[in-house]
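# Commentary on secondary and tertiary structure
Here is how the chains run, residue by residue.
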Amino acid sequence: MYKFIITIDCQPGTRAKILARAPEAQRATRAEPGCIAYDFFTCTDDPDRLVFVESWADEAAHAFHMEQAHTRDFIAFHEQFHRSLTFETINVAG
């Protein structure tokens, strides 16, 4: 499994713009082969922070996802509102 967390610190006042487009990206992504989970969250400690948690069958499934038009469009849209982005690959502990 290939799993990671993306944390986006948004420019003040732009979170709602990203969240307005996120459900469309989520629906399209969840329909892709190899997508196990694709969820997004708002941070309770920072109203300008979004957290995306993705799980894929493997890195190839994620690579396919990154080639899709809906993925490229969503990334291009939300990049303009970033203060920063952190990508963390995670593994199940144990």
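Structural notes, computed from the coordinates. (Residues numbered from 1 in each chain as written. Predicted model: local features only at pLDDT ≥ 70, side-chain atom pairs only at ≥ 80, totals over all residues. Heavy atoms only, no water.)

### Topic: the pairing of strand S3 (residues 49-56)
Our working rule: The cut-offs for exposure are 20% and 50% of the maximum accessible area for each residue type, with area from a 1.4 Å probe on protein chains only; residues under the lower value are buried, those over the upper are exposed, and the others partly exposed. In this description a helix means any DSSP run of H or I spanning at least four residues, a strand means any run of E spanning at least two, and both kinds are numbered starting from the N terminus. Following DSSP output, two strands are said to pair if at least two bridges run between them.
Counting buried residues along S3, 6 of its 8 residues qualify, which places the element largely inside the surrounding structure. Examined bridge by bridge, strand S1 (residues 2-10) and S3 share 8 bridges and lie antiparallel to one another. Its bridge partner being in S3, Asp9 is matched across the sheet by Arg49. Looking at chain direction, strand S2 (residues 35-42) and S3 are connected through 7 bridges and run antiparallel. Its bridge partner being in S3, Thr42 is matched across the sheet by Leu50. The hairpin formed by S2 and S3 contains 6 residues between the paired strands.

### Some details on helix H2 (residues 59-67)
In an α-helix there are 3.6 residues to a turn, and that puts residues three or four apart on one side. Test applied: Note that the arc is computed from the directions linking the helix axis to the C-beta atoms. By definition in these notes, contact holds between two residues if any of their heavy atoms fall within 4.5 Å.
Of the positions making up H2, those classed as buried are Ala61, His62 and His65. Across the axial projection of H2, the buried residues extend over an arc of 100 degrees, all falling on one side. Across from the buried face of H2, at angles greater than 90 degrees, the exposed residues are Glu59, Ala60 and Glu67. Buried positions along H2 lie against S1, helix H1 (15-30), S3 and helix H3 (69-79).

### A few points about the pattern of salt bridges
Formally: A carboxyl oxygen of Asp or Glu within 4 Å of a side-chain nitrogen of Lys or Arg is what we treat as a salt bridge.
On inspection of all chains with the given rule, the structure shows 3 salt bridges. Ionic pairing is found between Arg49 and Asp9, a salt bridge with its closest N-O pair at 2.6 Å. A residue pair is termed long-range when its members are at least 10 positions apart, and Arg49 in strand S3 and Asp9 in strand S1 qualify at 40 residues. What makes Arg49 partly exposed here is its relative accessible area of 28%. The salt bridge involving Arg30 is made with Asp39; its shortest N-O contact spans 2.4 Å. One connected set of salt bridges, linked through shared partners, spans Asp9, Asp46 and Arg49.

### Looking at the packing of H2 against H3
Quick note on the threshold: Here, axes are lines fitted to C-alpha atoms. For helices the fit covers the stretch in contact, and angles between N-to-C directions go from 0 to 180 degrees. Roughly parallel here means an angle under 35 degrees, roughly antiparallel means over 145, roughly perpendicular means 65 to 115, and every remaining angle is called oblique.
One way to put it is that H2 packs onto H3 with a least axis distance of 5 Å and a crossing angle of 70 degrees. Viewed along their axes, H2 and H3 adopt a mutual orientation that is roughly perpendicular. Each of His65, Met66 and Glu67 in H2 lies in contact with H3, whose residues at this interface are Ala69, His70, Thr71, Arg72 and Ile75.

### Here we look at the sheet that holds S1
Hydrogen bonds along the backbone pair up the strands of a sheet, which may run parallel or antiparallel. Reading across the sheet, the 4 strands line up as S2-S3-S1-S4 and stay open at both edges, with antiparallel pairing between neighbours. Strands at the two margins of the open sheet, each flanked by one partner only, are S2 and strand S4 (82-90). Averaged over all pairs of adjacent strands, the angle between strand axes in this sheet comes to 15 degrees, irrespective of strand direction. Lying on the sheet, H1 is in contact with S1, S2 and S3; it crosses S2 at an angle near 170 degrees.

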